[in-house]
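# Secondary and tertiary structure notes
The residues making up each chain are set out below.
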Amino acid sequence: MNNEKKISNGKIGVFALAMLNVVAVVSLRGLPAEAEYGLSSVFYYVFAAVVFLVPVSLVAAELATGWSEKGGIFRWVGEAFGPRLALVAVFMLWIEVTVWFPTALTFGSVSLAFIGPDTTWDQALSENKFFILSIVLGIYWFATFVALRGTSAFAKLAKWGGLVGTIIPGIVLIVLGFSYLFFSGKPPQIELTWGNLIPDFSNFNNVVLAASIFLFYAGMEMNAIHVSEVDNAARNYPIAIAIAAIGTVSVFVLGTLAIAFIIPQQDISLTQSLLIAYDKLFAWAGIGWASPVVAACLALGVLAGVVGWVAGPSSALLVVAKGGYLPRFWQYTNKYGMATHIMLVQAILVTLISTIFVVLPSVQAAYQILSQLTVVLYLIMYLLMFAAAIHLRYSQPNRPRPYKIPGGDMGMWIIGGLGFIGSLIAFLFSYIPPNQISVGSPEEFVGFLVLLTLFFVAVPLIIYQVRKSHWKDPSVTDFAPFTWEIENIHPGIINTSDKITHELNK
């Protein structure tokens, strides 16, 4: 409640902002993927935080305060490179979430399967592809129905679902996992030696699962807009980001190790191992009755997260649509102001994508392929964001930026360049087939990802190419033109103006 008051009064404390970022990023569903790496997972988490999490946070803060008009990533990329690539960026955000939903809901479905009293029967149910598919679709369409009722309908669900379904189960996992390590008297399933902290880089087939760790940290840019509400942002915002980064990395590292302590590497399942770890830890602690409870909590957390993500990117795409960059069909809203057609089209796409669970060799294979596709699409957006931030330092050097990455242009090159290179490496590694699970032949895996990536990138490019002047809604007056449009120049040409958009647009 205190945090909400600070935000509404235009002030937000360092710790409050840090917690906003932790809640936005932390999720438990991906921990088993990194638990396969044992102690070396610590290296991957820290590496990704340094080259991705921190750069995303700082770069997004500069962009959000310098160009705070509606549009978000569309605005930032459009100011630097024009609306064509801007449409690609915002479409990547929307479509990657669409692809991500089945993977997130698979975790929720597995959680529901483990609510039963018989662990063996629960595990068998969690491997049933038709059960998974039915639950995925049921939860998603219910989440869409809730989201269509407007922000007030899902605000409390998102808030309490995040606490009950992610934060509390995460704390329980970490406390029990390390209690098992120190007090069970049994050796952990991984070797705890300093040498194991450094990964085996000679086996590139293993790197694909490590590349997915970048997606763990995605979403930090969503709270960058709050930097304008921080006193002495130049000093306090980096401190808040440091606290958030340490907290986020700690939850991921400790939670991953807790799973690795109790489940042998060869038995780790990307979709089931988190629930199995809870079962084993609760059995050891003598509170086996808690397994169905935590499974229900995890399922609630997934539902809460999905409801928020159904509305968020769809609302961003709606703003762009009403700016005249998408056909009128995409601009329809209901009485709650929600993007009805966009959300319904997304629901249909989620339904179609989810059928992959039926045709692929296993639920785990589908989970991995869709997870990698999500990483690829999201990283395209981040690559454009980092490139735009660097470019805008030169094309709009005098633009007021309430928060500015310190160190001048060199500071931006270091932070933005580090994020760009890290994202590019993760993007390329995402095309390496994993050897931990069966996903068909390596050629099929790579071909599947390449074709879908090209398809989804081509869609916004084609839409932009065939755009019509009548797409722009004449009733929309709060979608500001780009700075280079006001100045009647082309994007990328140096603009020496030192005023913000609404002042230029008078």
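Residues numbered from 1 in each chain as written. Predicted model: local features only at pLDDT ≥ 70, side-chain atom pairs only at ≥ 80, totals over all residues. Heavy atoms only, no water.

### Considering the overall build of the chain
Broken down by element type, the chain carries 21 helices and zero strands. Here the chain, with 506 residues, has 56% of them falling under the buried criterion. Partitioning the contacts of the chain with sequence separation of at least 6, the portion at a separation of at least 24 is 81%. Summing over all exposed atoms, the chain offers an accessible surface of approximately 20,600 Å²; the carbon and sulfur share of this is 67%. (Helix = DSSP H or I, 4+ residues; strand = E, 2+ residues; numbered from the N terminus. Buried < 20%, exposed > 50% of the residue type's maximum accessible area, 1.4 Å probe, protein only. Contact = heavy atoms within 4.5 Å. Areas by Shrake-Rupley, 256 points an atom, 1.4 Å probe, with all protein chains shown as cover.)

### Overview of the pattern of salt bridges
Considering all chains together, one arrives at four salt bridges under this definition. E69 is the salt-bridge partner of R399, the closest N and O atoms lying 3.4 Å from each other. Here R399 is found in the loop between α17 (363-395) and α18 (408-429), whereas its partner E69 is found in the loop between α4 (41-66) and α5 (73-81), with 330 residues between them in sequence. Residues D409 and R393 are paired through a salt bridge, measuring 3.5 Å at the closest nitrogen-oxygen approach. With D409 in helix α18 and R393 in helix α17, this residue pair connects regions lying 16 residues apart in the sequence. The partly exposed category is assigned to D409, whose relative accessible area is 32%. Each of the salt bridges in this network shares a partner with another, and the network as a whole consists of E62, R393, R401 and D409. (Salt bridge = Lys/Arg side-chain N within 4 Å of Asp/Glu carboxyl O.)

### A look at unusual backbone geometry
The phi angle at N488 is positive, at roughly 60°, despite the residue not being glycine. If you trace the backbone, N488 turns up in the loop between α20 (483-486) and α21 (501-504).

### Things to note about the nonpolar core
Core analysis: the largest hydrophobic core is formed by 159 residues, its most contacted members being Y217 and Y382. In terms of residue count, the dominant contributor to this core is helix α6 (residues 83-113) (19 residues). (Core = buried A, V, L, I, M, F, W, Y, C linked by side-chain atoms within 4.5 Å.)

### Re a nonpolar patch on the surface
A contiguous nonpolar surface patch, about 370 Å² in accessible area, is contributed by W141, L344, I348 and L352. Residue contributions to the nonpolar patch peak at three residues, all from helix α15 (residues 340-354). Within the secondary structure layout, I348 lies in helix α15. (Patch = residues over 30% accessible without salt bridge, like charges linked within 9 Å, V, L, I, M, F, W, Y side chains within 5 Å.)

### Here's the deal with the side chain of E79
Along the chain, E79 turns up in helix α5. No salt bridge is formed by the buried E79; the nearest opposite charge belongs to R75, separated by 4.3 Å. Sequence-distant contacts of E79, that is, excluding residues within four places in its chain, are made with W67, L392, Q396, F482, T483, W484, P491 and T501. (Lys, Arg positive; Asp, Glu negative; His and termini not counted.)

### Quick look at helix α13 (residues 273-285)
Over its 13 residues, α13 runs 18 Å from end to end, which matches the ideal 18 Å to within 8%, given 1.5 Å per residue. Listed in full, the buried residues belonging to α13 are S273, L274, L275, I276, A277, Y278, D279, L281 and F282. (Expected span 1.5 Å × (residues − 1).)

### Section: the packing of α13 against helix α14 (residues 290-325)
Put simply, α13 and α14 touch, their axes get as near as 9 Å, and they point 150° apart. Considering their axes alone, α13 and α14 lie roughly antiparallel with respect to each other. For the crossing formed where α13 meets α14, the hand is right-handed. Facing L274, L275, Y278, D279 and F282 of α13, the residues of α14 in contact are A290, S291, V294, A295 and L298. Split by residue class, the contact of α13 with α14 holds eight nonpolar, one polar and one charged. (Axes fitted to C-alpha atoms, helices over the stretch in contact; angles between N-to-C directions. Parallel < 35°, antiparallel > 145°, perpendicular 65-115°, else oblique. Left-handed = near helix turned anticlockwise from the far one by under 90°. Nonpolar A, V, L, I, M, F, W, Y, C, P; charged D, E, K, R; others polar.)

### A word on the packing of aromatic side chains
Evaluated as defined, the whole model comprises 23 aromatic pairs. An angle of 5° between the planes, with centres 6.0 Å apart, marks the rings of F43 and F47 as stacked. Taken together, the residues span about one helical turn, with F43 and F47 both in helix α4 at a distance of four residues. F43 gets classed as partly exposed once you look at its relative accessible area, which sits at 30%. Overall, the relative accessible area of 34% leaves F47 in the partly exposed class. (Phe/Tyr/Trp six-rings, centres within 6.5 Å; stacked < 30°, edge-to-face > 60°.)

### Examining the environment of L424
By the element assignment, L424 lies in helix α18. Spatially, the C-alpha atom of L424 lies 7.1 Å from that of L383, the residues being 41 residues apart in sequence.

### What about α18?
With 22 residues, α18 extends 32 Å from end C-alpha to end C-alpha; this agrees with the ideal 32 Å at 1.5 Å per step. Listed as buried for α18 are G411, M412, I415, G416, G417, G419, G422, S423, A426 and F427.

### Digging into the confidence of the model for the chain
Here the chain averages 82 in pLDDT, while 86% of its residues score no lower than 70. Note on residues 1-10: pLDDT under 50 across the span, and 10 contacts to partners over four residues away in sequence or across chains. (pLDDT = per-residue confidence, 0-100.)

### A short note on the packing of α4 against α18
Interhelical geometry of α4 versus α18 gives an angle of 130° and a closest axis separation of 8 Å. In this view, α4 runs oblique relative to α18, as classed from their interaxial angle. In terms of crossing hand, the pair formed by α4 and α18 is left-handed. Contacts between α4 and α18 involve V50, V51, F52, P55, L58, V59 and E62 on the former and, on the latter, M412, I415, G416, L418, G419, G422 and S423. Among the residues making up the contact of α4 with α18, the classes are represented as nine nonpolar, four polar and one charged.

### Things to note about the environment of V376
You can see V376 is positioned in helix α17. For V376, a relative accessible area of 0% gives the class buried. Between the C-alpha atoms of V376 and F427, which are 51 residues apart in sequence, the distance is 5.6 Å. When near neighbours in sequence (up to four residues on either side) are disregarded, V376 contacts F427, S430, Y431 and T453.

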